[in-house]
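A structural walkthrough
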Amino acid sequence: MARPDPGPDPGVAAQQVARTPSGLFPAGPPPRPTYREPHPVTGGGVAAGGAAATTWLLLFGLLGTDVTSYAWWTVLAGLLAWLTALVLIRYGDRGVATGVAIVTAGGWSIAAAVVTVRWATSGDWPLW
């Protein structure tokens, strides 16, 4: 004697309804691809760029023998450092470029302060 089919199990139907995603936590792959940055900005990269720029500006600043030559060497070194930072932004590590740019701006500020103090104390513009 064959038993009649009792139909779907109510417990299985309840489990299928519970597994339907609400959309809050997607169950499948994203609808579009997610792109990740190849060189994310990190603290280590910023520190490395800052250390390199500090060394660079220090070496160029030591070439100066007076306030005028120190200021012009610092301006030249800063321009070269910023050009390097622009190349790094486009093709390299943006964290290192950030460190280079921050320290270069600080180095230019120090040179500007030295020129300003010299100008204020002597009354003569020291750059030309």
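Above: the structure in question.
Residues numbered from 1 in each chain as written. Predicted model: local features only at pLDDT ≥ 70, side-chain atom pairs only at ≥ 80, totals over all residues. Heavy atoms only, no water.

The subject of this paragraph is the overall build of the protein. For the protein, the helix and strand inventory stands at four helices and zero strands. Secondary structure elements in the protein, listed N-terminal to C-terminal, are α-α-α-α. When the accessible area of the protein is evaluated, it comes to approximately 9700 Å², of which 69% is carbon and sulfur surface. (Helix = DSSP H or I, 4+ residues; strand = E, 2+ residues; numbered from the N terminus. Areas by Shrake-Rupley, 256 points an atom, 1.4 Å probe, with all protein chains shown as cover.)

This part takes up the nonpolar core. What tends to happen in soluble globular proteins is that the nonpolar side chains get buried as a cluster. In this structure, A53, A81, A85, A97 and V100 together form the largest nonpolar core, which totals five residues. Elements with a minimum of two residues in this core: helix 3 (67-91) and helix 4 (94-122). Non-local contacts of A81, meaning those with residues more than four positions away in its chain, are made with W56, V100 and T104. (Core = buried A, V, L, I, M, F, W, Y, C linked by side-chain atoms within 4.5 Å. Buried < 20%, exposed > 50% of the residue type's maximum accessible area, 1.4 Å probe, protein only. Contact = heavy atoms within 4.5 Å.)

What the rule picks out here adds up to six aromatic pairs. Each ring, one from F60 and one from W73, has its centre 5.8 Å from the other, and the planes form 55°; the classification is tilted. A residue pair is termed long-range when its members are at least 10 positions apart, and F60 in helix 2 (residues 43-61) and W73 in helix 3 qualify at 13 residues. The exposure class of W73 is partly exposed, given its relative accessible area of 31%. (Phe/Tyr/Trp six-rings, centres within 6.5 Å; stacked < 30°, edge-to-face > 60°.)

Turning next to the environment of V67. With respect to the secondary-structure elements, V67 resides in helix 3. Classification of V67 by relative accessible area gives buried; the value is 16%. With 47 residues separating them in the primary sequence, V67 and V114 have C-alpha atoms 7.4 Å apart. If we skip the residues at most four places from it in the chain, V67 touches V114, V115, R118 and P126.

Pairs of packed helices are described in terms of their axes, by the angle between the two and the distance that separates them. At their nearest, the axes of helix 3 and helix 4 sit 9 Å apart, and the two run at 165° to each other. Between helix 3 and helix 4, the crossing angle belongs to the class labelled roughly antiparallel. Handedness of the helix 3/helix 4 crossing: left-handed. Looking at the contact of helix 3 with helix 4 residue by residue, the class counts come to 20 nonpolar, four polar and two charged. (Axes fitted to C-alpha atoms, helices over the stretch in contact; angles between N-to-C directions. Parallel < 35°, antiparallel > 145°, perpendicular 65-115°, else oblique. Left-handed = near helix turned anticlockwise from the far one by under 90°. Nonpolar A, V, L, I, M, F, W, Y, C, P; charged D, E, K, R; others polar.)

Nothing here speaks to function; it is geometry throughout.
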